[in-house]
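A structural walkthrough
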Amino acid sequence: QAQLVESGGGLVQAGGSLRLSCAASGRTTSRYAMGWFRQAPGKEREFVAAVIWSSEFTYYADSVKGRFTISRDNGKNTVYLQMNNLKPEDAAVYYCALDRGGSRSIDNSNGYDLWGRGTQVTVSS
């Protein structure tokens, strides 16, 4: 059974750092892209970052450019999100997502067909 499992969330002070991980297992060998999305209370889920698995091209939301870095480890079937200089507005549940079908909708949640359960990131001011 295909699944994505996120880890690494937690409580951090503003200006601090966290690294999220997302491990893929099961029927996840077909990977066009993996992405991170986030959803804060009362808000819609929004795109954060994505990486094209084969080329390692990366894409970022404007709000996180220069602070967040997405990367992947093919051998560990894992994608990471390094988050630096965190701000209170970064607080949200962060979800990992996998596009197995090559939808190419990198920043659109509809382009991803497998999702993790999310990990909470809390940033205190």
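Residues numbered from 1 in each chain as written. Predicted model: local features only at pLDDT ≥ 70, side-chain atom pairs only at ≥ 80, totals over all residues. Heavy atoms only, no water.

Taking every second residue as pointing to the same face, the buried face of strand β7 (residues 68-73) carries F68, I70 and R72, while none of T69, S71 and D73 on the other face is buried. In this sheet, strand β8 (residues 78-83) lies alongside β7 in antiparallel orientation, the contact comprising six bridges. Of the residues in β8, the one forming a bridge with R72 is V79. Counted along the chain from β7 to the antiparallel partner β8, the turn is four residues long, and its residue N77 has a positive phi close to 50 degrees. (Buried < 20%, exposed > 50% of the residue type's maximum accessible area, 1.4 Å probe, protein only. Helix = DSSP H or I, 4+ residues; strand = E, 2+ residues; numbered from the N terminus. Pairing = 2+ DSSP bridges.)

What follows concerns the side chain of T78. The residue T78 is located in strand β8 in this model. From its side chain, T78 meets the backbone oxygen of K76 in a polar contact 2.7 Å long. Setting aside residues no more than four positions away along its own chain, T78 makes contact with S21, C22, A23, W53, S71, R72 and D73. (Polar contact = N/O pair within 3.5 Å; in protein donor to acceptor, adjacent residues only side chain to side chain. Contact = heavy atoms within 4.5 Å.)

Time to look at the state of the cysteines. Summed over all chains, the structure comprises one disulfide. Each sulfur in the disulfide pair C22 and C96 lies 2.0 Å from the other. Disulfide C22-C96: torsion about the S-S bond near -80 degrees, hence left-handed. Of this pair, C22 sits in strand β3 (residues 18-25) while C96 is found in strand β9 (residues 92-99), placing the two residues 74 residues apart along the sequence. We classify C22 as buried; its relative accessible area is 0%. (Disulfide = S-S within 2.5 Å.)

So, on to the environment of S55. For S55, the position within the fold is in the loop between β5 (46-52) and β6 (58-60). Spatially, the C-alpha atoms of S55 and R104 are 13 Å apart, while their sequence positions differ by 49 residues.

Any functional reading would require information that these geometric values do not contain.
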